Amino acid sequence: MPESNTGQPTDPGSPAAGGSGQGDSNQRYWFHILAQNTPAARNLHAAKLVDKAWQQGDRVCVVCDNMQHAQELDDLLWNFSPDAFIPHSVVPDSATTCSDPVGILLCPPVAEDWDTVIILSATLPADADRFKRLALVAHNDPSVLNQARSHFKQLRTLGIEPKVHDQRKR
């Protein structure tokens, strides 16, 4: 989801969001490239996306590569908003069911289980074209940007042209 002037993600369905997806008009794909070059900035941006999508009624998951990263996001979501709690849980494997509206996954997401999928992992799910909403978040670090370019190419192979929000150009 793009951000408004306040730094908060805007509604993905709004004209200001400029979402572009292929196929089903409810599908939206975003590619966020942050100006900052730290993992903490990437996690914070992902948390903002989670909060906005969850407040819009979506079931949201964030896909991570390892338990340490999942723990960092878990801690961030526990303390993200002083006004509200974002109900979430860490899902270590595909055998574990997530009953919360927000999941931090260490396994590939199942398209039917999630409305919004946020990718922070090195691997893009093979069925990425089946998600209603998909956001890829990269911070301005060479290795992360190379990984993001690979994800972008994979999405194009699936017939998806994600809306790019490059904050480095601001």
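In this report, the structure presented in the accompanying data block is examined. The shown structure was predicted, so the numbers you read here are calculated from the model rather than taken from an experiment.

## A short note on helix 3 (residues 142-157)
The end-to-end C-alpha distance of helix 3 is 23 Å, a good match for the 22 Å that 16 residues give at a rise of 1.5 Å each. Every buried residue of helix 3 is accounted for by Val144, Leu145, Gln147, Ala148, His151, Phe152 and Leu155. All buried residues of helix 3 project into a common sector of 160° when viewed along the axis, lining one side. In helix 3, the exposed positions angled more than 90 degrees off the buried face are occupied by Pro142, Ser143, Lys153 and Thr157. The elements touched by buried residues of helix 3 are strand 1 (28-33), helix 1 (39-55), strand 5 (116-119), strand 6 (133-138) and strand 7 (163-166). Backbone geometry just downstream of helix 3 places Gly159 in the positive-phi region, at approximately 85°.

## Side note on the packing of helix 1 against helix 2 (residues 67-79)
Closest axis-to-axis distance for the helix 1/helix 2 pair is 10 Å, and the angle between their directions is 55°. It follows that helix 1 is oblique to helix 2 by the angle criterion. Both helix 1 and helix 2 take part in a crossing whose hand is right-handed. Every residue of helix 2 that contacts helix 1 at Asn43, Leu44, Ala47 and Val50 is listed here: His69, Glu72, Leu73, Leu76 and Leu77.

Reading the values: rules and limits
Residues numbered from 1 in each chain as written. Predicted model: local features only at pLDDT ≥ 70, side-chain atom pairs only at ≥ 80, totals over all residues. Heavy atoms only, no water. Helix = DSSP H or I, 4+ residues; strand = E, 2+ residues; numbered from the N terminus. Expected span 1.5 Å × (residues − 1). Buried < 20%, exposed > 50% of the residue type's maximum accessible area, 1.4 Å probe, protein only. Arc of directions from axis to C-beta. Contact = heavy atoms within 4.5 Å. Axes fitted to C-alpha atoms, helices over the stretch in contact; angles between N-to-C directions. Parallel < 35°, antiparallel > 145°, perpendicular 65-115°, else oblique. Left-handed = near helix turned anticlockwise from the far one by under 90°.

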